[in-house]
Amino acid sequence: MKMKHIFREGKTESKNVLLLLHGTGGNEQDLLPIANMIDPEASVLSVRGNVSENGMPRFFKRLREGVFDEGDLIHRTKELDEFLDEAAEAYGFKRENVIAAGYSNGANIAGSLLFHIKNSLKGALLFHAMVPRRNVELPDLTDKQLFIGAGENDPICPPEETTELKKMFENAGATVEVFWEKYGHQLTEAEVKEARKWYDKTQ
Ligand code: MLT
């Protein structure tokens, strides 16, 4: 398989598979504790981004801070989608049970899956996600439940961008809950606790 990853099988009663997607410079180990906090019984598929920015793993290339390489974003989104099909086959889980949990660059590729490929995800927890692309028609996201964790003082993803992203998802039919943290781009424990509450209600 084309992406370095960890798969951990969950309890048989839990059908959900948490797809963990790290931030720039992270790896497939980073979000494992978050998966335990969100759903300790779910299966976990934690993936390392295939792009290297001066040695820092990412899920797609960028031209500079905040400016994405659209061609690479689209290519890498398809690559991740195909990887999910292969992993479902190899590990025996259902593709329709995959819920993404991504932080920063990882949240952005999860957002891109939702933007570009219908039914690529069952739902998503997007921590400090940006608008992956503008001026595209999103697939129908009816019945998709999404959680966004955002920072009121996030310099990388300003609040207006979070609100814009929420509207784009809602216009495509999704139900979106945003939790506003007072801090910046970091992922906080309070945010993960809120994500857990949302998960228990919706997933
Ligand atoms: C990105 O490039 O995806 C965003 O700027 C977030 C990050 O710094 O990774």
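Predicted model, so just to flag it, every value in this text is computed and none were measured. (Residues numbered from 1 in each chain as written. Predicted model: local features only at pLDDT ≥ 70, side-chain atom pairs only at ≥ 80, totals over all residues. Heavy atoms only, no water.)

Describe in detail helix α3 (residues 105-116), supporting the description with residues and values.
For α3, which comprises 12 residues, the first-to-last C-alpha distance of 16 Å matches the rise-based estimate of 16 Å (1.5 Å per residue) to within 8%. Most of α3 sits out of view: 11 of its 12 residues are buried. Every buried residue of α3 is listed here: Asn105, Gly106, Ala107, Asn108, Ile109, Ala110, Gly111, Ser112, Leu113, Leu114 and Phe115. (Helix = DSSP H or I, 4+ residues; strand = E, 2+ residues; numbered from the N terminus. Expected span 1.5 Å × (residues − 1). Buried < 20%, exposed > 50% of the residue type's maximum accessible area, 1.4 Å probe, protein only.)

Provide a residue-level description of the site of the ligand, including the pertinent values.
Around the ligand, the neighbouring residues are Thr24, Arg58, Phe60, Arg62, Glu65, Phe68, Ser104, Asn105, Asn108, Met130 and Ile156. For the ligand, an oxygen atom lies 2.8 Å from a polar atom in the side chain of Arg58. One of the side-chain nitrogen or oxygen atoms of Asn108 is found 2.8 Å away from an oxygen atom of the ligand. Across the complex, the protein chains shield 95% of the 260 Å² of accessible surface that the ligand would expose by itself. The residue makeup of the shell around the ligand, split by class, is four nonpolar, four polar and three charged. (Near = heavy atom within 4 Å. Polar contact = N/O pair within 3.5 Å; in protein donor to acceptor, adjacent residues only side chain to side chain. Areas by Shrake-Rupley, 256 points an atom, 1.4 Å probe, with all protein chains shown as cover. Nonpolar A, V, L, I, M, F, W, Y, C, P; charged D, E, K, R; others polar.)

Explain unusual backbone geometry to me, using residue names and the numbers behind them.
The backbone phi angle of Asn119 is positive, close to 55 degrees, even though this residue is not glycine. Considering the arrangement of structural elements, one finds Asn119 in the loop between α3 and β9 (123-127).

Tell me what's going on with the packing of aromatic side chains, and back it up with residues and numbers.
In total, this model carries six aromatic pairs according to the counting rule given. Between Phe7 and Phe93, the aromatic rings sit 5.8 Å apart at their centres with planes inclined by 20 degrees, giving stacked as the arrangement. Remark: Phe93 occurs in the loop between α2 (70-91) and β8 (98-103) and Phe7 occurs in strand β1 (residues 5-8); sequence separation between them is 86 residues. Ring geometry for Phe60 versus Phe68: centroids 4.9 Å apart, planes at 80 degrees, classification edge-to-face. Ring-pair connections join several aromatic residues into one group, and the members of that group are Phe7, Tyr91 and Phe93. Over the ring of Phe60 we find Arg58; its NZ or CZ atom is 5.2 Å from the centre of that ring. (Phe/Tyr/Trp six-rings, centres within 6.5 Å; stacked < 30°, edge-to-face > 60°. Lys NZ or Arg CZ within 6 Å of the ring centre and 35° of its normal.)

Outline the nonpolar core, supporting the account with residue identities and numerical values.
The tendency in soluble globular proteins is for nonpolar side chains to be buried as a group. Counting 41 residues, the largest nonpolar core has Leu19, Leu21, Leu45 and Phe169 as the members making the most contacts within it. Among the elements of the structure, β2 (17-21), β3 (43-47), α2, β8, α3, β9, β10 (145-151) and α4 (159-171) are those that each provide at least two residues to this core. (Core = buried A, V, L, I, M, F, W, Y, C linked by side-chain atoms within 4.5 Å.)

An account of the pairing of β3 is needed here, citing residue identities and associated values.
The side chains of a regular strand alternate, residue by residue, between the two faces of the sheet. Most of β3 is tucked away, with five of its five residues classed as buried. The side-chain alternation of β3 yields two buried faces, one formed by Ser43, Leu45 and Val47 and the other by Val44 and Ser46. As paired elements, β1 and β3 share four bridges and run antiparallel to each other. For Arg8, the partnering residue across the bridge sits in β3 and is Val44. The pairing of β2 with β3 spans five bridges and is classified as parallel. Bridge pairing links Leu18 to Val44 in β3. Considered for its hand, the β-α-β crossover made up of β2, helix α1 (residues 32-38) and β3 is right-handed. (Pairing = 2+ DSSP bridges. Right-handed = clockwise from strand over helix to strand, strands pointing away.)

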